[in-house]
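Okay, here's what each chain looks like letter by letter:
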Amino acid sequence: MVNVRVTPTHAVSFDDGRGRADLRISLLGPVRAWRGQAEIDLGTPQQRTVLALLAAQGGPVPRDRLIDGVYGERPPGCAPGLVSTYASRLRKVFEPERTPRSHARVLTSGRGGYELHIDKGGVDVHAFASAVEQARERRGTGDLHGASALFERALSLWRGEPLSGIAGPWAQENRTALEEQRIGVMEERWALELELGRHAALTSELAAAAARFPLRESLHGLLMRALHRSGRQADALRAFAEARSALVSELGIEPCAELRELHRRILDGERDDDARPAPSYAPSYAPSYAPEGRTRPAQLPPALRHLTGRDAPAAAMAAALTAPDRRSVPVCLVSGTAGVGKTALALEVAHRVAEHFPDGQLHARLEGPLTEPAAVLGQFLLSCGMRAEDIPDGLGARAAAFRSLLAGRRMLVVLEGVVSSAELSPLLPGTPTAGVIATARRPLPMPLITDHVPIDVLSPADARDLLVLASGRERHTAPDTDWARLAELCGRLPLALRSAAARLAERPVWTVAHLADRLADERRLFAELRCGGTALRSAFATDCDRLDAEQARALRLLAGADAADVTPASAATCLGMEVREAEELLESLVDAGVLDAPGLGVYRFPGLLRAFVRGRD
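Residues numbered from 1 in each chain as written. Predicted model: local features only at pLDDT ≥ 70, side-chain atom pairs only at ≥ 80, totals over all residues. Heavy atoms only, no water.

Participant: Sorry, what's going on with the overall build of the protein here?
Facilitator: The number of helices and strands found in the protein is 25 helices and 15 strands. Considering the protein as a whole, with its 617 residues, one finds that 49% of them fall into the buried category. Looking at the protein alone, contacts between residues at least 24 apart form 65% of all its contacts between residues at least 6 apart. As displayed, the protein offers around 27,900 Å² of accessible surface, 51% of which is attributable to carbon and sulfur atoms. (Helix = DSSP H or I, 4+ residues; strand = E, 2+ residues; numbered from the N terminus. Buried < 20%, exposed > 50% of the residue type's maximum accessible area, 1.4 Å probe, protein only. Contact = heavy atoms within 4.5 Å. Areas by Shrake-Rupley, 256 points an atom, 1.4 Å probe, with all protein chains shown as cover.)

Listed below in C-alpha cells is the structure:
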C-alpha cells in the first residue's frame with residue numbers, strides 16, 4: 001500500500017497555554033479554518049474573503065488587491081479601514097493568547113499589505129497541488145497504482161464548491177479556475193484508471209461527467225474508450241454522436257481530429273489496447289499510439305466562435321507556419337493590449353494548422369502556479385513521453401532536452417502570456433519541423449521571432465459585427481448608431497464586446513441603447529461587463545503595478561486629461577517637465593505596454609485602460 005498522505009512539514013504552530021496547535025485552512029469547499037481540532041470562527045463573508053485570498057496567495061498581498069478582491073469595482077470609501085479591521089480580527093482568532101504589544105506571527109502587515117505565515121501544506125489548495133504533482137511524478141516513473149492513489153488523495157481534499165460562503169470578483173474568478181483544475185485532474189485520474197484496466201467501473205462515472213460538461217472533448221473521449229473496452233461498441237458510437245451534437249450546436253465546430261480518429265477506430269472495430277499508455281498531460285482521447293512509439297500530445301484548448309476582423313493576420317500566420325521551404329523554426333508572436341483577442345487569434349490559427357503538425361500540439365499559459373520556464377519545460381517533457389526521473393534539473397539542461405526531444409518532430413507549441421524574451425527563448429524548439437505561436441502584451445525584441453503580428457482593437461464595422469453575431473440578435477433589431485455607440489463604449493476590444501453581447505443574450509428585454517446607457521458610466525463599466533470586466537481589470541492592474549513611481553504618476557495624470565491623443569508637448573504641460581523628458585517618459589510607458597504609439601510623436605491609451613486608471617484613483 002502506497003503512503004499518499006500529504007504532510008505539512010512546516011505548518012505554523014503556536015503555544016496557547018494548553019499545548020501546541022496547528023493552523024489548517026480549507027478553500028476547496030466552504031472557507032473554514034482550524035487550530036488543532038477546534039474550528040475557528042472566521043466572521044463575516046468579507047473577512048473570510050480576506051483570509052481566503054491571503055491563504056491562496058502564499059505570500060505578501062497588497063492592500064489594494066485585497067480591496068479589489070473583496071469589493072470589486074466600487075469599493076466604499078472606508079474600504080482600507082475595513083480591510084485593516086478584518087486583518088485585526090483574524091489576528092485575534094489565530095493567536096488569542098497574543099498580548100497587544102507583542103508581534104503577530106501568523107498574520108503580519110508591512111509594505112502596504114499583509115501576509116499569512118502558514119506552510120502551503122496547511123492550506124488544502126496547496127496540498128491538492130502537491131499531491132497532484134507527486135501523482136504525476138509517480139506516473140512518469142511507471143508506478144501507476146501509486147499515482148492512482150495519489151490522485152484519489154488529491155481529489156479527496158475537495159468538500160464541495162470551492163470558496164463557497166464568500167463573494168466578490170476574486171472569489172468568482174478563482175472559483176471557476178479551481179473547478180477547471182479539479183475536472184482536469186479527474187480526467188488524468190480516469191485516464192490512469194483506464195490504463196489499469198478498470199474501464200467497466202468507470203462508465204457510469206464518466207457518463208455523468210460528460211453530461212455535466214458536454215463541451216469537454218476529453219471527457220467524451222474517455223467515455224468512448226471505457227465503453228469500447230467494455231465491449232459496448234454501440235454505446236461508444238452513441239457517445240461520439242452526442243459529443244458532436246453538443247459541439248456543433250453550442251460552438252459551431254466539429255469534434256477535434258483526435259476524437260474523430262478514435263470514432264473511426266471504434267467504428268472499424270479496432271482493438272483499443274490497454275497496454276499502450278495515454279499521454280501524461282495530453283487529453284486522454286488522443287490516439288494511444290504515436291509514430292515510433294512516441295507519445296503524441298494534443299493540448300490545444302477549443303477555439304472561440306465568431307472570430308471577427310482577423311482574417312488577414314490569421315491567413316498570414318497559417319502561411320508562415322506551414323511554408324514548405326522554411327529553414328528555421330517559424331515563431332509567430334501575436335502582441336496587443338489586454339482583451340484585444342490575442343489568444344482567440346492564436347488558438348484559431350493553431351487549430352487551422354494542427355494537421356500540419358501530426359506529432360502533437362503543446363500548450364501552456366505562462367501565468368498561475370507554473371509560470372517559470374523550467375516548470376513549463378518539465379510539463380512539456382513529461383507530455384512528450386520523458387520519464388520523470390530522466391528530466392534534468394536546471395533551465396538550461398531542460399531546454400536542451402526539450403530541443404533534443406523535438407528534433408525532427410512536427411510539433412506545434414502554443415504559449416500564452418509571454419512577458420519577456422528571456423522567458424520565451426528556452427521554450428523554443430531548435431528545428432524547422434516544429435512551429436511556435438506565442439502571445440504577449442507588447443512586442444519582444446528577439447531575433448528568433450520570425451513573424452510579429454501586432455493586433456489592435458477592431459474596426460467600427462468589425463466591432464459591430466461581433467456584437468451582432470455573439471449576442472444572437474439580428475442587426476435590424478437596433479439602429480446602427482446604437483450598435484456603434486455600444487462598440488465604442490467597449491473600446492472595440494473583443495473581450496469587452498463579447499461580454500457586452502453576453503449581457504444582451506442573457507437579458508432579452510434589454511435594448512442595445514439601454515446597455516449602452518449602463519456602460520456610459522465609467523464607474524460601472526467593468527462591473528457591467530461581468531467576467532470580462534473582471535479579467536480586464538486584473539490584466540490592467542498587473543500592467544500598472546509593474547510601473548515605477550514616476551511612470552505610475554504620469555499615467556494617472558495623463559488619464560485625467562480629456563484629449564484622445566497625447567503628444568510630448570501636451571504631456572510636458574500636464575506633467576510639469578521638459579518636452580524631451582516627457583517624450584522619454586511616454587516611450588517608457590509604451591515599452592511597459594500601457595500606452596500605444598500609433599504615429600510619430602503621438603501616444604494613446606489602449607482600449608479601456610484610461611477608464612481603468614481613472615476609476616482606480
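Additional details are given in the paragraphs that follow.
Participant: Can you help me understand the sheet that holds strand β10 (residues 411-418) in this one?
Facilitator: Strand order in the open sheet formed by five strands is β9-β10-β11-β8-β12, and the pairing between neighbours is parallel. The outermost strands of the open sheet, each flanked by one partner alone, are β9 (360-365) and β12 (451-454). Between one strand and the next, the sheet's axes are offset by a mean angle of 15°, whatever the strand orientation. (Pairing = 2+ DSSP bridges. Axes fitted to C-alpha atoms, helices over the stretch in contact; angles between N-to-C directions.)

Participant: Please explain the pattern of salt bridges as it appears in this structure.
Facilitator: Working definition: two side chains of opposite charge can pair if their charged atoms are close together. Considering all chains together, one arrives at 26 salt bridges under this definition. A salt bridge links D517 to R485, with the nearest nitrogen and oxygen atoms 2.8 Å apart. A residue pair is termed long-range when its members are at least 10 positions apart, and D517 in helix α19 (residues 512-519) and R485 in helix α17 (residues 480-489) qualify at 32 residues. With a relative accessible area of 35%, R485 lands in the partly exposed category. Across the pair R503 and E506 runs a salt bridge whose closest N-O atoms are separated by 3.0 Å. Taken together, the residues R503 and E506, both in helix α18 (residues 494-506) and three residues apart, mark about one turn of the helix. (Salt bridge = Lys/Arg side-chain N within 4 Å of Asp/Glu carboxyl O.)

Participant: Where do I start with helix α6 (residues 169-195) in this structure?
Facilitator: Helical geometry: 3.6 residues make up each α-helical turn, so side chains three or four residues apart lie on a common side. With 27 residues, α6 ought to run about 39 Å at 1.5 Å a step, and its terminal C-alpha atoms sit 40 Å apart, in line with that. Directly beyond the C-terminal end of α6, a positive phi value near 80° is found at G197. (Expected span 1.5 Å × (residues − 1).)

Participant: I tried to follow the packing of aromatic side chains on my own but got confused; where do I start?
Facilitator: We describe a pair of aromatic rings using the distance from one ring centre to the other and the angle between the two ring planes. According to the stated counting rule, one finds five aromatic pairs in the structure shown. Arranged with centres 5.7 Å apart and planes meeting at 85°, the rings of F128 and W158 form a pair that is edge-to-face. In this pair, F128 sits in helix α4 (residues 124-140) while W158 sits in the loop between α5 (144-156) and α6, placing the two residues 30 residues apart along the sequence. Among the aromatic residues, those joined into a ring-pair cluster are F526, F540 and F612. A cation over an aromatic ring shows up here: R507 above the ring of W510, its NZ or CZ 5.7 Å from the ring centre. (Phe/Tyr/Trp six-rings, centres within 6.5 Å; stacked < 30°, edge-to-face > 60°. Lys NZ or Arg CZ within 6 Å of the ring centre and 35° of its normal.)

Participant: Help me understand the confidence of the model for the protein, please; the structure alone is not making it clear to me.
Facilitator: A low pLDDT score tells you not to read the predicted coordinates there in detail. On average, the protein scores 82 in pLDDT, and the residues at 70 or more come to 90%. Averaged pLDDT values over the elements of the protein bottom out at 39 in strand β1 (residues 13-15) and peak at 95 in strand β11 (residues 435-440). In the model, residues 1-21 has pLDDT below 50 throughout and makes 43 contacts with residues more than four positions away in sequence or in other chains. (pLDDT = per-residue confidence, 0-100.)

Participant: Please explain the pairing of β9 as it appears in this structure.
Facilitator: Side-chain positions along a regular strand alternate between the two faces of the sheet. Most of β9 sits inside the fold, with five of its six residues counted as buried. Looking at chain direction, β9 and β10 are connected through six bridges and run parallel. Each bridged residue has a counterpart across the sheet, and for Q361 the counterpart in β10 is L412.

Participant: What should I look at first to understand a negative patch on the surface in this one?
Facilitator: A surface patch of like charges, here negative, comprises D548, E550, E578, E581, E583, E584, E587 and D591. Among the elements that take part in the negative patch, helix α24 (residues 579-591) stands out by supplying five residues, more than any other. If you trace the backbone, E584 turns up in helix α24. Here E584 falls in the exposed class, since its relative accessible area comes to 55%. (Patch = residues over 30% accessible without salt bridge, like charges linked within 9 Å, V, L, I, M, F, W, Y side chains within 5 Å. Lys, Arg positive; Asp, Glu negative; His and termini not counted. Charge placed at Lys NZ, Arg CZ, Asp CG, Glu CD.)

Participant: Mind showing me how you'd approach the packing of helix α23 (residues 568-575) against α24 here?
Facilitator: Helix-helix packing is described using two parameters, namely the angle between the two axes and the distance between the axes. Two numbers describe how α23 lies on α24: the axes approach to 8 Å, and their chain directions differ by 100°. Here α23 lies roughly perpendicular to α24, going by the angle between them. Where α23 abuts α24, its residues P568, A569, A571, A572 and L575 lie against V579, A582, E583, L585 and L586. Residue classes in the contact of α23 with α24 are distributed as nine nonpolar, no polar and one charged. (Parallel < 35°, antiparallel > 145°, perpendicular 65-115°, else oblique. Nonpolar A, V, L, I, M, F, W, Y, C, P; charged D, E, K, R; others polar.)

Participant: Teacher, can you tell me more about unusual backbone geometry here?
Facilitator: Negative phi values dominate among residues other than glycine, just as trans dominates among peptide bonds. Even without being a glycine, L163 presents a positive backbone phi close to 60°. What makes L163 buried here is its relative accessible area of 1%. You will see that R492, though not glycine, has its phi angle at about 55°, which is positive. Within the secondary structure, R492 is located in the loop between α17 and α18.

Participant: Looking at this structure, I do not really get helix α12 (residues 342-353). What am I missing?
Facilitator: If you check α12, its first and last C-alpha atoms are 17 Å apart, about what twelve residues at 1.5 Å a residue would give, namely 16 Å. α12 sits mainly inside the fold: nine of its twelve residues count as buried. Looking at α12, one finds that the buried residues are K342, A344, L345, A346, L347, E348, V349, A350 and V353.

Participant: Would you mind showing me how to read the sheet that holds strand β6 (residues 107-110) here?
Facilitator: Two strands in a sheet stick together by hydrogen bonds in their backbones, pointing the same way (parallel) or opposite ways (antiparallel). The strand order across the open sheet formed by three strands is β5-β7-β6, and the pairing between neighbours is antiparallel. The open sheet terminates on both sides in strands that have one partner only, identified here as β5 (61-62) and β6. Sitting on the sheet, helix α1 (residues 45-57) touches β5, β6 and β7 (113-116), and the angle it makes with β7 is about 65°.

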